[in-house]
Amino acid sequence: MSDTQPLIENRPPSVATLFLERVEATPDAEAYRYPVPSAAGEGPDEWRSYTWGEAAQRVFGIAAGLVTLGVAPEERVAIASSTRVDWILADLGILCAGAATTTVYPSTNTEETAYILADSESRVLIAEDVTQLAKVREHRAELPNLKHVVLIDAGEVTEGGAPAGTGPEHGDPEGWVLSLADLTRRGTAHLTEHPTLVQDIVRGLRADQLATLIYTSGTTGKPKGVRLPHDCWAYMAKAIAQSGLVSSEDVQYLWLPLAHVFGKVLTAGQIEVGHVTAVDGRIDKIIENLPVVQPTYMAAVPRIFEKVYNGVAAKARAAGGAKYKIFQWAAGVAREYAKVTQENFRRTGNSTAPAGLKAKHAVADRLVYTKLREAFGGRLRACVSGSAALAPDIGFFFAGAGIHILEGYGLTESSAASFVNPGEAYRTGTVGKPLAGTEVRIASDGEILLRGPGIMQGYHGLPEKTAEVLEPDGWFHTGDIGELSEDGYLRITDRKKDLIKTSGGKYIAPAEVEGQFKALCPYVSSILVHGADRNFCTALIALDEPSLAAWAADQESLKGKPYAEVITSDEVREMVDGYVEQLNGTLQRWQTIKKFRVLPRDLDIEHGELTPSLKLKRPVVEREFGHLIEEMYAGSREA
C-alpha cells in the first residue's frame, strides 16, 4: 500500500525552506502564542503573540548567532528545555544555520544528559536555565566538543556580561555560557554585514543532511540516537497538510514535549499549513489554559485523556448517587452512539443513529457532554492521540460526547506520523490509514513493517543496531504487532516484545487487558499485567492520588486519614477488587487477573517507570516491584 502523489514527491529539501516560504507568504499573520506569567506570580498569565515575520527575526538572529560561534553544517546543537515558544524558535534557528538539533528532555538525569551530549558530539547546548546548565558542568571534562551553553532564562547579567550564576567564579570558562538574548543580538549584528546569510545557507541544504538527532528513551541500556534528515520533516509537513486534518484557520494547543518526535512533527505541519499554535508545556496548566486558548485542534497522549475521563467520573461520583448515575448513563449512551454512528458511516457514508438513541443522546448532551466540551475550550474540532494505545472504551466515550479523538501511529524512527485516522471517517480502536507516501505491510508473524520518506537514516554510530531493524530495501521493522482491514485501517494489537506467553502456551496482549481496565476503573492511573511463563496473570495497579483522595473523603472509615493509610486500606483493596472482577467478566479464562497488588504510589518519570512521553517502562516497573510479583505467585504450583 503506497502513495506517490506529486505533491509528496516534489517537496523542498527542508522545513527551513518551508519556513522561509511561510514567512514570505504571510509575514503579518499570527504564528505563535505564548504565556507570560503575571509580575507578582498571581493571577492569570498574559498571552502574547509572534507573527511569522517577528518569529523570523528571532530565528534568523539565532541562526546567524550560531554561525558566529563557529557551528558548521550538520554539527549538532542540543536543546534541553521544556515546551515553550523559545524551543521552537531555537530549533528553527539551528536548522536555518544548517546544523542539526539534538533533543534532550529537561527531565533527563545528569548522567544520561552527558551521555547524549557526548554521543551526539554536540557543540552547543541551548539550555532552559541554570538547572540544565548544572548537569553539564558536572561532566564538562567528558564533553570536549561542547564549546558553549546558551541559557534561555538567563536572569540578571553580571558586570562581565555573563548570565547570573555563571562565569569563572562558578567554574565556567570565560565566554562558555551566554544568554539566548545575547546570542540573538550577536547574530542580528552579523546579519547587518551579511544580510543574505540565512537564505544562502538554507538554499544550500540537501534533503539527506542530518536535521534532528532524537534519542529514544529505551527501557534498558543506553538510549539510541535516531538520525532524521531534513527530508523526513519536509515530507511530514507536506503529508500532514495533504491529509486535510488541519487548515490555516485552526488554533493548535501544543503542550507535548518537543524533545519527543510527536511534539516535533506538529511544528513541521504547522509551518506548511500556516495556522496559529499556542505553546505551553506546563501540564498542570492544561485545564486552566484550554478555556483561554479555545483551541480547535490539539494532540495528546492517552494518559491525558484517561486522566480527564477519570477526573470527570470521580467528580460525578463525589457529587452524589443521582449525579453519578446520570454520568454512568450518559457515558453508556456516548459509547453506544459513537459505535453506531461510526459503523453506519463505514457502511453508508452517513453518521446516522436510530431516533430513540438520538433522543437519549440529546438529553445526555444537555446534562453532561456540553460541560465536558466547554472544559476543552468549546471550539475543539479534533484531538489526535498517539505515542501509546488509547483504550477503545475511553475513545468511544469522548467520540459520543463530541470530542473526536483521531488516533494515530508512528515511531521516533518513522518521524512520528505514519498513520492517522481520516477526519470524519475515523474509527475508534484503529490508528487509521497511512499518510500519503508511506507504505505498510504485515509480516508473517504479524509485525508491522513501514517504508517511506519518513523513515530514519539509522541509529547514530550504531550500524549493527540499524541493520537489525532497517532492511537494505528500506523496510523498517517497527516491533509492533497489528492487522490491516480490507480498506486499509491499521489496528495495533501489541508490542512484539510485550506479548505474554503463559506457561500453558496461551498468548496474551497485556496492553489490551490494561486498556479495558482503565476504561472500567475511574481511579486507576497505571496498570501492568504480568504473566510471561507463569500459569496465571497478575497485575500491579497504581491509583490516581487526587481521584482516590476524593473517593476516600466519602468513606466514613477513611475520612481524615493520610494517603499512605488510605492506599493500603482494606476498603481500597475491596474497591479495586470489584473493578478487577468486572474486568475478568469480559476476558477469556486465560487472560483473567487472578491476583493483584495496589502500589503504594503512582508510577512516574522521576523514578524512571514512565518515559517522558508517559509510556510505561515494563522492565523497570517489574524490577522495582518484583517482590510484589513474587508474592502473588508464592505458593502456586510453579513457585
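Description of the structure in this document. Owing to the predicted nature of the structure, the values given are computational and were not obtained by experimental measurement.

### Side note on the overall build of the protein chain
Point 1. Along the protein chain, the regular secondary structure elements total 22 helices and 26 strands.
Point 2. Its C-alpha atoms give the protein chain principal-axis dimensions of about 75 × 55 × 55 Å.
Point 3. A burial count over the protein chain gives 56% of its 639 residues as buried.
Point 4. A fraction of 68% describes how many contacts in the protein chain between residues 6 or more apart in sequence connect residues 24 or more apart.
Point 5. Just so you have it, the protein chain exposes about 26400 Å², and 51% of that area is on carbon and sulfur atoms.

### Side note on the sheet that holds strand S3 (residues 76-80)
Strand pairing within a sheet occurs via backbone hydrogen bonds; the two strands may be parallel or antiparallel.
Point 1. Spatially, the 8 strands line up as an open sheet ordered S7-S6-S5-S3-S4-S8-S9-S19, and their pairing is mixed. The outermost strands of the open sheet, each flanked by one partner alone, are strand S7 (177-179) and strand S19 (458-459).
Point 2. Two elements, strand S5 (residues 124-127) and strand S6 (residues 148-151), share 4 bridges in a ladder whose sense is parallel. Bridging from a neighbouring strand, Ala 127 pairs with Leu 151 of S6.

### Observations concerning helix H18 (residues 545-553)
Point 1. Listed as buried for H18 are Ser 547, Leu 548, Trp 551 and Ala 552. Within H18, the buried residues cover an arc of 135° as seen down the axis, which keeps them to one side.
Point 2. Buried residues along H18 sit in contact with helix H12 (302-318), strand S25 (537-543), helix H19 (563-567) and helix H20 (570-584).

### Looking at the nonpolar core
Point 1. Counting residues in hydrophobic clusters, the biggest one holds 169 residues, and the most contacted among them are Phe 19, Tyr 32, Phe 398, Phe 517, Ile 541 and Val 576.
Point 2. Counting 18 residues, the second-largest nonpolar core is a separate cluster that includes Ala 127, Leu 133, Leu 143 and Tyr 215.

### A closer look at the environment of Phe 305
Point 1. One can find Phe 305 in helix H12.
Point 2. Taking the C-alpha atoms as reference points, Phe 305 and Lys 224, 81 residues apart in sequence, are found 29 Å from one another.
Point 3. Beyond its immediate chain neighbours, meaning those up to four positions away, Phe 305 contacts Ala 300, Cys 383, Ser 385, Leu 390, Ile 394, Phe 398 and Ile 405.

### Quick word on the pattern of salt bridges
Point 1. If you walk through the whole model with that rule in mind, you get 37 salt bridges.
Point 2. The structure contains a network of salt bridges with shared partners spanning Asp 45, Asp 280, Arg 282, Lys 285 and Glu 288.

### Some thoughts on a negative patch on the surface
Point 1. A cluster of acidic residues, Asp 570, Glu 574, Asp 577 and Glu 581, forms a negative patch at the surface.
Point 2. Inspection of the secondary structure puts Asp 570 in helix H20.
Point 3. A relative accessible area of 56% places Asp 570 in the exposed class.

### A word on unusual backbone geometry
Where the residue is not glycine, phi is negative for most of them; where a peptide bond is considered, it is trans in most cases.
Point 1. Even without a glycine there, the phi angle at Glu 121 is positive, about 55°.
Point 2. One can find Glu 121 in the loop between helix H5 (110-120) and S5.

### Structural notes on the packing of helix H3 (residues 52-68) against helix H4 (residues 85-96)
Point 1. Axis separation between H3 and H4 bottoms out at 8 Å; the angle between their running directions is 55°. Considered as vectors, H3 and H4 are oriented oblique to each other. Crossing handedness for the pair H3 and H4: right-handed. Of the residues in H4, those in contact with Ala 55, Arg 58, Val 59, Ile 62, Ala 63 and Leu 66 of H3 are Asp 86, Leu 89, Ala 90, Leu 92, Gly 93, Ile 94 and Cys 96.

### Description of a nonpolar patch on the surface
Point 1. A surface patch of nonpolar side chains, amounting to about 310 Å² of accessible area, comprises Ile 326, Trp 329, Val 363 and Leu 367.
Point 2. For the nonpolar patch, the secondary-structure elements that each account for two or more residues are helix H13 (321-348) and helix H14 (355-375).
Point 3. Relative to the elements of secondary structure, Trp 329 occurs in helix H13.
Point 4. For Trp 329, a relative accessible area of 34% gives the class partly exposed.

### Side note on the packing of aromatic side chains
Point 1. Counting across every chain of the model gives 14 aromatic pairs.
Point 2. Each residue in the set Phe 305, Tyr 309, Phe 327, Phe 376, Phe 397 and Phe 398 is aromatic and connected to the rest through ring pairs, giving one cluster.
Point 3. Across the ring face of Tyr 324, the terminal group of Arg 317 is positioned such that the distance to the ring centre comes to 5.9 Å.
Point 4. For Arg 534, the ring lying beneath its charged end belongs to Tyr 633, and the centroid distance is 4.1 Å.

### Brief notes about the side chain of Lys 264
Point 1. For Lys 264, the position within the fold is in helix H10 (residues 261-273).
Point 2. For Lys 264, the side chain forms a polar contact with the side chain of Asp 91, separated by 3.1 Å.
Point 3. Leaving out residues up to four positions away in the same chain, Lys 264 has contacts with Trp 87, Asp 91, Thr 212, Trp 233 and Leu 258.

### Remarks on the environment of Ser 557
Point 1. With respect to the secondary-structure elements, Ser 557 resides in the loop between H18 and H19.
Point 2. Looking at Ser 557, the relative accessible area reads 38%, which means it is partly exposed.
Point 3. C-alpha of Ser 557 to C-alpha of Ala 362: the two residues are 195 residues apart in sequence and 39 Å apart in space.
Point 4. Engagement of the side chain of Ser 557 in a polar contact is seen with the side chain of Glu 571, the distance being 2.7 Å.

### Some words on the sheet that holds S25
Point 1. Within the open sheet, the 3 strands sit side by side as S24-S25-S26. Their pairing is mixed. Since the sheet does not close on itself, it has two edges, and those belong to strand S24 (524-530) and strand S26 (593-598), each with one partner. Across this sheet, the average inter-strand angle for adjacent strands is 25°, counted without regard to direction.
Point 2. Taken together, the 5 bridges between S25 and S26 define a ladder with parallel strand orientation. Note on S26: the bridge partner recorded for Leu 540 is Arg 597.
Point 3. Here helix H17 (residues 510-520) sits on the sheet and contacts S24, S25 and S26; the angle it forms with S24, its principal contact strand, is near 150°.

### Notes on the pairing of strand S18 (residues 447-451)
Point 1. Within S18, 4 of the 5 residues are buried, leaving the element largely enclosed by the surrounding structure.
Point 2. Summarising the sheet, strand S17 (residues 439-442) and S18 pair through 4 bridges and their orientation is antiparallel. The partner of Val 440 across the bridge, within S18, is Leu 450.
Point 3. A loop of 4 residues connects S17 with S18, the two strands running antiparallel in sequence, and Gly 446 in this loop sits at a positive phi of about 95°.
Point 4. Across 3 bridges, S18 lies against strand S20 (residues 476-484) in antiparallel orientation. Paired with Leu 449 across the bridge in S20 is His 477.

### Examining the packing of helix H2 (residues 15-25) against H10
Point 1. The contact between H2 and H10 brings their axes to 8 Å, and the two run at 35°. Seen along the crossing, H2 lies across H10 with a hand that is left-handed. In contact with Val 15, Leu 18, Phe 19 and Arg 22 of H2, H10 contributes Ala 268, Ile 271, Glu 272 and Val 273.
Point 2. Here the contact of H2 with H10 is composed, by residue class, of 6 nonpolar, no polar and 2 charged.

Rules behind the numbers
- Residues numbered from 1 in each chain as written.
- Predicted model: local features only at pLDDT ≥ 70, side-chain atom pairs only at ≥ 80, totals over all residues.
- Heavy atoms only, no water.
- Helix = DSSP H or I, 4+ residues; strand = E, 2+ residues; numbered from the N terminus.
- Buried < 20%, exposed > 50% of the residue type's maximum accessible area, 1.4 Å probe, protein only.
- Contact = heavy atoms within 4.5 Å.
- Areas by Shrake-Rupley, 256 points an atom, 1.4 Å probe, with all protein chains shown as cover.
- Pairing = 2+ DSSP bridges.
- Arc of directions from axis to C-beta.
- Core = buried A, V, L, I, M, F, W, Y, C linked by side-chain atoms within 4.5 Å.
- Salt bridge = Lys/Arg side-chain N within 4 Å of Asp/Glu carboxyl O.
- Patch = residues over 30% accessible without salt bridge, like charges linked within 9 Å, V, L, I, M, F, W, Y side chains within 5 Å.
- Lys, Arg positive; Asp, Glu negative; His and termini not counted.
- Charge placed at Lys NZ, Arg CZ, Asp CG, Glu CD.
- Axes fitted to C-alpha atoms, helices over the stretch in contact; angles between N-to-C directions.
- Parallel < 35°, antiparallel > 145°, perpendicular 65-115°, else oblique.
- Left-handed = near helix turned anticlockwise from the far one by under 90°.
- Phe/Tyr/Trp six-rings, centres within 6.5 Å; stacked < 30°, edge-to-face > 60°.
- Lys NZ or Arg CZ within 6 Å of the ring centre and 35° of its normal.
- Polar contact = N/O pair within 3.5 Å; in protein donor to acceptor, adjacent residues only side chain to side chain.
- Nonpolar A, V, L, I, M, F, W, Y, C, P; charged D, E, K, R; others polar.

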